[in-house]
Amino acid sequence: MTNTNKGLSSLYITLFALILFFNGCEDPGNVGSGFIDEPTVKIDTLYLDDITTENLEAYSGNLANFNIGQYSDQLLGDIRTVGLMKPVLHNLSTGSDFNSEDFSIKLEIQLDSTLTYGDTSSVSDFTIYETSSLWRGNSLRINDAITYNESEPVGSFSVNTDKRFTVGLSETWKDKYATYLNSDDANADSLYRYEFFGLAIVPDNNGNKVSIVDRPNLRFIMVDAADDTIGVGLSSSGYFLERTNSNSGPADAIALHSTLEQMMRINLPMEELKEGYNDKNILKAELVLHEANDVLAASLPENHVRPPVNELTLNLGVNSEQVYQYQITGPDFVANRNTDNPYFSTSMTAYLNNVFFGGETNSNIYVGLRSSSGVLRSTYIYNQTASQELRPKLIITTAVNEEN
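Worth saying up front: this structure is predicted, and the values here are computed from it rather than measured.

## Things to note about the overall build of the chain
Each helix and strand counted, the chain has 6 helices and 26 strands in total. Going through the 404 residues of the chain one by one, you find that 48% of them count as buried. Across the chain, the fraction of contacts at a sequence separation of at least 24, relative to all contacts at a separation of at least 6, is 83%. Total accessible area on the chain is roughly 19,800 Å²; 45% of this is exposed by carbon and sulfur atoms.

## Description of unusual backbone geometry
Its identity is not glycine, yet asparagine 245 carries a phi of approximately 55°, on the positive side. Tracing the backbone through its elements, the reader meets asparagine 245 in the loop between strand E16 (234–244) and strand E17 (253–257).

## As for the pattern of salt bridges
Scanning the model with the defined rule gives 11 salt bridges in all. Among the ionic pairs, arginine 265 bridges to glutamate 54, the shortest N-O distance being 3.5 Å. Here glutamate 54 lies in strand E4 (residues 51–54) and arginine 265 lies in strand E18 (residues 263–267), a separation of 211 residues in the sequence. The partner of arginine 219 in a salt bridge is glutamate 108, and the shortest N-O contact between them spans 3.1 Å. Placement of arginine 219 in strand E14 (residues 219–224) and of glutamate 108 in strand E7 (residues 103–119) is noted, with a sequence separation of 111 residues between them. Overall, arginine 219 belongs to the partly exposed group, its relative accessible area being 37%. Overlapping salt bridges, with partners in common, bring together Glu108, Arg164 and Arg219 in one network.

## Re the packing of aromatic side chains
Within this structure, the stated rule accounts for 15 aromatic pairs. With a centroid separation of 5.8 Å and 15° between ring planes, the pair formed by tyrosine 129 and tyrosine 148 is classed as stacked. In this pair, tyrosine 129 sits in strand E8 (residues 124–131) while tyrosine 148 sits in strand E9 (residues 148–149), placing the two residues 19 residues apart along the sequence. This pair shows no difference in class: tyrosine 129 is buried, exactly as tyrosine 148 is.

## Some words on the packing of helix H3 (residues 270–277) against helix H6 (residues 349–357)
Put simply, H3 and H6 touch, their axes get as near as 10 Å, and they point 80° apart. Viewed along their axes, H3 and H6 adopt a mutual orientation that is roughly perpendicular. Together, Met270, Leu273, Lys274 and Tyr277 of H3 and Tyr351, Leu352, Val355 and Phe356 of H6 make up the contact between the two elements. Here the residues of the contact of H3 with H6 are counted per class, giving 7 nonpolar, no polar and 1 charged.

## Notes on the pairing of strand E24 (residues 364–368)
Most of E24 sits out of view: 4 of its 5 residues are buried. When E18 meets E24, the two strands line up antiparallel, connected through 4 bridges. By the bridge assignment for E24, methionine 264 is matched with valine 367. Across 3 bridges, the pairing between strand E21 (residues 311–315) and E24 is antiparallel. By the bridge assignment for E24, asparagine 315 is matched with tyrosine 366.

## Looking at the nonpolar core
A general trend in soluble globular proteins is that nonpolar side chains are found buried together. If you look at the biggest cluster of nonpolar residues, it comprises 59 residues, and the most contacted ones within it are Ile109, Ile128, Phe157, Leu169 and Phe220. The dominant element in this core, judged by the number of residues it contributes, is E7, at 6 residues. Membership of the second largest hydrophobic core comes to 33 residues, among which are Leu287, Leu312, Phe344 and Val367.

## Overview of helix H1 (residues 171–181)
For H1, the complete set of buried residues consists of Trp173, Lys174, Tyr177, Ala178, Tyr180 and Leu181. When H1 is viewed along its axis, its buried side chains cluster within an angular range of 155° and face the same direction.

## As for the layout of surface pockets
The calculated volume of the second largest pocket comes to roughly 260 Å³. Contributing to the lining of the second largest pocket are 14 residues, with Lys86, Tyr192, Arg193, Ser235 and Ser236 lying nearest its centre. Those elements giving two or more residues to the lining of the second largest pocket turn out to be helix H2 (188–195) and E16. In terms of residue count, the dominant contributor to the lining of the second largest pocket is H2 (3 residues).

## So, the environment of threonine 259
Along the polypeptide, threonine 259 turns up in the loop between E17 and E18. Spatially, the C-alpha atoms of threonine 259 and glycine 374 are 8.4 Å apart, while their sequence positions differ by 115 residues. At a separation of 2.3 Å, a polar atom in the side chain of threonine 259 contacts the side chain of glutamate 261.

## Some thoughts on the confidence of the model for the chain
On average, the chain scores 87 in pLDDT, and the residues at 70 or more come to 87%. A low-confidence stretch, residues 1–6 stays under pLDDT 50, and its non-local contacts, those more than four residues away or across chains, total 11 contacts. When the criterion is pLDDT under 50, residues 14–35 qualifies, and its contacts beyond four places in sequence or with other chains add up to 8 contacts.

## Points about the side chain of glutamate 360
By the secondary structure assignment, glutamate 360 is in the loop between H6 and E24. Here glutamate 360 occupies a buried position and makes no salt bridge, while the nearest side chain of opposite charge, lysine 274, is found at 9.3 Å. From its side chain, glutamate 360 meets the backbone nitrogen of asparagine 362 in a polar contact 2.9 Å long. Non-local contacts of glutamate 360, meaning those with residues more than four positions away in its chain, are made with Met270, Leu316, Tyr351, Asn354 and Val355.

## Description of the pairing of E18
The pairing of E4 with E18 spans 4 bridges and is classified as antiparallel. In the sheet register, threonine 52 faces E18, and the bridge partner there is arginine 265.

Cut-offs applied
- Residues numbered from 1 in each chain as written.
- Predicted model: local features only at pLDDT ≥ 70, side-chain atom pairs only at ≥ 80, totals over all residues.
- Heavy atoms only, no water.
- Helix = DSSP H or I, 4+ residues; strand = E, 2+ residues; numbered from the N terminus.
- Buried < 20%, exposed > 50% of the residue type's maximum accessible area, 1.4 Å probe, protein only.
- Contact = heavy atoms within 4.5 Å.
- Areas by Shrake-Rupley, 256 points an atom, 1.4 Å probe, with all protein chains shown as cover.
- Salt bridge = Lys/Arg side-chain N within 4 Å of Asp/Glu carboxyl O.
- Phe/Tyr/Trp six-rings, centres within 6.5 Å; stacked < 30°, edge-to-face > 60°.
- Axes fitted to C-alpha atoms, helices over the stretch in contact; angles between N-to-C directions.
- Parallel < 35°, antiparallel > 145°, perpendicular 65-115°, else oblique.
- Nonpolar A, V, L, I, M, F, W, Y, C, P; charged D, E, K, R; others polar.
- Pairing = 2+ DSSP bridges.
- Core = buried A, V, L, I, M, F, W, Y, C linked by side-chain atoms within 4.5 Å.
- Arc of directions from axis to C-beta.
- 1 Å grid on protein atoms, 1.4 Å probe; cavity = no way out; pocket = protein on both sides within 12 Å on 5 of 7 lines; lining within 4 Å.
- Points joined across faces, edges and corners; volume = space filled by probe spheres on them.
- Polar contact = N/O pair within 3.5 Å; in protein donor to acceptor, adjacent residues only side chain to side chain.
- pLDDT = per-residue confidence, 0-100.
- Lys, Arg positive; Asp, Glu negative; His and termini not counted.

Below you can see the structure in the form of structure tokens.
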């Protein structure tokens, strides 16, 4: 294998396809003899060196999960997340005992039973406050500044090893909610939407883990004097996030976050690709990205975990207006983790053929962690400054006509 000045390595392999026929009673000359041209396969490794980062803001509202807690990650920074939730304005039937203030209200919280980010042995305390600024789940992003009233707690709970909690909520907050439940105003729904801001689950200054709330199994429970209950779902939910000290990772790798705070942007050498391959028969093209697995593992103390990353998601173009499409509707490519080695790979064969023969001109590939579920995930991927075997690369396999 030899290297060219452009970071391109090539390997030639001759494919043998020899079929032997044995027939003891027949003259071999009757079958015919001679040599058939054997196809030659050329495998090029093109190391990619035009790599930068892109910083965007993921949507964080009305997803399947939202995150609560804080964690000091040695490699990926200090994280603090605040959960947000707002109950629907339940339509109560005439004469219901809930059409009064003679009821209590509780919050049932279900955490993901398998995923935690941080120190699993840590105990985390949370206080629930009333939010004091308007927010909408469908437009919420991770860095939106949502305020809450810390002078009047609505409830509190602790997370140790249990995954399900029932939290009593204050009479003061319940009474505010009841005014909208019992309102005869024709505009009650609109007033509720714009005047009643819901609740924030805020981590106290202890604990060292982020827990993941299962949104479909979170509900408010209204209990009347006769112990009759009504379950009330969510009209909106989400979270916002603060991350500090995030530049402690290896210099030859780029951090990727499911919150899109950082993505890898690869600018493919289109002219070089066209000059080298537009007249070739491309059998296979594969993009390979190596994970800094040893560095990631070494930065986790005992009992500390991160949600696993099993795939990277790639799009041909992403900007602030396209975040929703990238995050929710799906990527252009998915790079799956290799089961034996810490790298991800995806087929680029159709894309390159479209570059050469179909008029594709987009050379920017954005690599990130799509998280339509809302679960926080992060990893490090080696960049163009890493050792050669770890750099991002295109591996292109072509059939070569030896007569040319």
